[in-house]
Amino acid sequence: MAIIHHYMAAAKMLLTATLALSGAQAAAIQKRASSGYNDFDCKPSAAHPRPVILIHGTACTSVSWIALYPKLVKEGYCVFAPDYGQYTIPFIGGTGPINESAVQVGKFAEKVLRATGATQADFVGHSQGGLIARYWSLFLGGEGKIGATVGIAATTHGTTLSGFTTLLHETGTDKAARPVTDLIVPSLAQQSEYLDFYDKLNAKGDSLPNVRQFNIATRTDLVVTPTENAFQYDNPDTVNVILQDLCPADLSGHAALLISPVVHRWVMNQLDPSNAKDIDCRGSLILPV
Ligand SMILES: *[C@@H]1O[C@H](CO)[C@@H](O)[C@H](O)[C@H]1NC(C)=O
């Protein structure tokens, strides 16, 4: 049974990659989708002075935000979403080494700040995308340039991949397998909670001072496990929420969080607390992927 579960988790990762589409098709869709975001002529309004930067996760692209970004644009935000971390697989992002992805995202964020004239941006990140702004702030000059971070199933403390990386770790195969995974998806091994990436990232704690930090995670997540690995604990003001505590019948899994109306409402409430609206659980999804 346990083995089947591990294969399921690996299959889920593949499914996520497939959902992100492949090759030229992804590029074409991306081109069309990005007509609504990455408008570098956008000028932030007084109501929303900070541009919002959406950061996709592992084996995804900015198309991840196809359901959320129109809602933010409609609310009057300047919305940006980089494509970063392409490595061996063409067009599919978030696969390269995270430290190098953070350099790319940091450059993108600087460009957004210059274009909009804003001094800070707010960041919404899915999965791996949920830790990149913090990496930029800690190691790459982004300090003070972040208003808020909103993590959606962020890999803040890595993942056991539903026990898969635990299995590799306990059998001593994780270090042995690393040259292979590093060839194709270096970011994958970096997000194993057993390998060294987090020693550096979380050395001074898992939070940033003077940044409003919010996290949402789901019990049905098979990619970021355990669920609480998505949370930040070292700043008492950080808000950590389990989706099922908002809407108990919501079964959204790791990828479904991106299209969940409940998650979208919650994210927008964190970005603009003074205009927060009630969460409507009728929008709950029963999509445990
Ligand atoms: C990223 O980390 C790898 C492995 O630690 C290192 O070899 C590489 O030079 C780093 N790249 C950057 C841009 O920091």
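Since this is a predicted model, take the numbers as computed values, not measurements.

**Details of the overall build of the chain**
Secondary structure summary: the chain contains 11 helices and six strands in total. Sequence-distant contacts, at least 24 apart, represent 77% of the contacts inside the chain between residues at least 6 apart. By element, 61% of the accessible surface of the chain is carried by carbon and sulfur atoms, the whole surface being about 12,700 Å².

**What about the pairing of strand S5 (residues 212–217)?**
With five of six residues buried, S5 lies mostly within the body of the structure. Both S5 and strand S6 (residues 239–242) contribute to a ladder of four bridges, which runs parallel. Across the sheet, residue Ile 216 finds its bridge partner in S6, namely Val 241.

**Here's the deal with helix H5 (residues 129–139)**
A turn of α-helix holds 3.6 residues, and therefore any two residues three or four places apart point the same way. Counting buried positions over the 11 residues of H5 gives eight, a clear majority of the element. Considered for burial, the residues of H5 that qualify are Gly 129, Leu 131, Ile 132, Ala 133, Arg 134, Tyr 135, Trp 136 and Ser 137. As for H5, its buried residues are in contact with strand S1 (52–55), helix H4 (98–116), strand S3 (121–126), strand S4 (146–152) and helix H9 (197–201). Residue Gly 141 follows H5 closely and has a positive phi angle near 90°.

**What about the state of the cysteines?**
This structure, assessed with the given rule, holds two disulfides. Put simply, Cys 42 and Cys 78 are joined by a disulfide, and their sulfur atoms are 2.0 Å apart. Sign of the S-S torsion, about -85° for the bond between Cys 42 and Cys 78, identifies this disulfide as left-handed. Taken together, the residues Cys 42 in the loop between helix H2 (23–33) and S1 and Cys 78 in the loop between helix H3 (69–74) and strand S2 (79–80) connect sequence positions 36 residues apart. With its sulfur 2.0 Å from that of its partner, Cys 247 forms a disulfide with Cys 281. Linking Cys 247 and Cys 281, the disulfide has an S-S dihedral of approximately -85° and is accordingly described as left-handed. Within this pair, whereas Cys 247 is found in the loop between helix H10 (243–246) and helix H11 (261–271), its partner Cys 281 is found in the segment after H11, the two being separated by 34 residues in sequence. Take the cysteines of the chain that form disulfides and number them in order along the sequence; they join up as 1-2, 3-4.

Basis of the calculations
Residues numbered from 1 in each chain as written. Predicted model: local features only at pLDDT ≥ 70, side-chain atom pairs only at ≥ 80, totals over all residues. Heavy atoms only, no water. Helix = DSSP H or I, 4+ residues; strand = E, 2+ residues; numbered from the N terminus. Contact = heavy atoms within 4.5 Å. Areas by Shrake-Rupley, 256 points an atom, 1.4 Å probe, with all protein chains shown as cover. Buried < 20%, exposed > 50% of the residue type's maximum accessible area, 1.4 Å probe, protein only. Pairing = 2+ DSSP bridges. Disulfide = S-S within 2.5 Å.

Purely spatial values, then, with no claim about function.
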